[in-house]
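For reference, the chains in residue letters:
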Amino acid sequence: MALPGATRRGRELATRVVVGAGLAAVALGCLWAGPLAWTIFVAATAGAAAWELSRLNRIDDLVPFTLVFALVFATPFTRSVPESRYLIFALGVAVLVALITLVGQRRNIVVQTLSALYVGLPAFALVGLRSEPFGVAWVLYTISVVCAADIAAYAVGRLAGGPKLWPRISPGKTWAGFAGACLAAMAASVAVWSLIEIGRAGSASIDVHYHLPIRPAIAGLLLGALAQGGDLFESWLKRRAGVKDSGTLLPGHGGVLDRLDSLVPVAPVVAGAVWLGWL
């Protein structure tokens, strides 16, 4: 006879798998369907994340939603003026730095704006990447690196144990898991980047010589660390707000922001590296 606790955990795991698979199917379908479908999906997801972030900061108005939607739907128009992307990214870097110092001022228009840009900038990056040559591949590159880091952090941390990374913020994370996340992200970065290079060579009118994947290897290590940083930052936000999950929109997973926390810092960096020709 199954124990009640085991039965409950089994149901929770089944719900988590079904919801996760469904969300992944919708995301991949929109990504494949084209830029418009992907833009609408990203805007809806970012809007939900902005709402959750506003609740964590005890803010209840439409400022974050308005800014997020404006930023996401303006993205396709920046393709004709590439310099505008650099301007938005420069603003985004300043915003994310300021967020760390200003987040304590809760009921404040500055925090509202920063909260919107915190999720709006990654959304801008993901929509912008989709409009690039090999855009689907670059979005999949971003998602693959984040997923590899998250899975390895959990698996290695559980198997290896060891010293905690930051027990006051996230008691379950370990330094071993952090190292595993960085190495897994590096492997995913090299693997997907190599496939993109093969695609580039196949579509080019001139010979494209394959180079050793030093840049993507370094990028993967850094992106793996960034992914873990995003996870820790969201854990800190939730602990500060006194909640376990950022929301309840996704059964078995918590909130949208709980699923996107690692992607938040990674997507803008990947987009910037692609647009500047570093990847």
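Residues numbered from 1 in each chain as written. Predicted model: local features only at pLDDT ≥ 70, side-chain atom pairs only at ≥ 80, totals over all residues. Heavy atoms only, no water.

Here's the deal with the overall build of the protein
- Scanning the protein from terminus to terminus reveals ten helices and two strands.
- Listed by position from the N terminus, the elements making up the protein come as α-α-α-α-α-α-β-β-α-α-α-α.
- Within the protein, buried positions represent 45% of all 279 residues.
- Across the protein, every contact between residues at least 6 apart in sequence was considered, and the portion connecting residues at least 24 apart equals 73%.
- By element, 72% of the accessible surface of the protein is carried by carbon and sulfur atoms, the whole surface being about 14,300 Å². (Helix = DSSP H or I, 4+ residues; strand = E, 2+ residues; numbered from the N terminus. Buried < 20%, exposed > 50% of the residue type's maximum accessible area, 1.4 Å probe, protein only. Contact = heavy atoms within 4.5 Å. Areas by Shrake-Rupley, 256 points an atom, 1.4 Å probe, with all protein chains shown as cover.)

Looking at unusual backbone geometry
- Of note in this structure, phenylalanine 134 is not a glycine but carries a positive phi near 60°.
- Looking at where phenylalanine 134 falls in the secondary structure, it is placed in the loop between α5 (109-130) and α6 (135-160).
- Judged by its relative accessible area of 33%, phenylalanine 134 is partly exposed.

Considering the pattern of salt bridges
- All told, the structure shown has three salt bridges when counted by the stated rule.
- Here aspartate 231 makes a salt bridge to lysine 173, at a shortest N to O gap of 3.0 Å. With aspartate 231 in helix α8 (residues 214-241) and lysine 173 in strand β2 (residues 170-174), the pair connects residues that are 58 residues apart, well separated along the chain.
- Among the residues examined, aspartate 231 registers a relative accessible area of 14% and is labelled buried.
- The exposure class of lysine 173 is buried, given its relative accessible area of 15%.
- Lysine 238 is the salt-bridge partner of glutamate 234, the closest N and O atoms lying 3.7 Å from each other. With a gap of four residues between them, glutamate 234 and lysine 238 both fall in helix α8, about one helical turn apart. (Salt bridge = Lys/Arg side-chain N within 4 Å of Asp/Glu carboxyl O.)

Focus: the pairing of β2
- Relative to β2, strand β1 (residues 164-166) is paired through two bridges, and the arrangement is antiparallel. When the bridges of β2 are listed, tryptophan 166 appears paired with serine 170.
- The turn linking β1 back onto β2 is made up of three residues. (Pairing = 2+ DSSP bridges.)

Observations regarding the nonpolar core
- Trp38, Leu129, Trp138, Tyr141, Val270, Val274 and Leu279 are the most contacted members of the largest nonpolar core, which totals 40 residues.
- Of all elements in the fold, only α1 (4-33), α2 (35-56), α5, α6, α7 (175-203), α8 and α10 (263-275) reach the threshold of two or more residues within this core.
- Looking at which element gives the most residues to this core, the answer is α6, with nine residues.
- Among residues more than four places away in sequence, those in contact with valine 270 are Leu129, Tyr141, Thr142 and Leu223.
- Ala49, Val119, Leu237 and Ala241 belong to the second-largest nonpolar core, a separate cluster that totals 13 residues. (Core = buried A, V, L, I, M, F, W, Y, C linked by side-chain atoms within 4.5 Å.)

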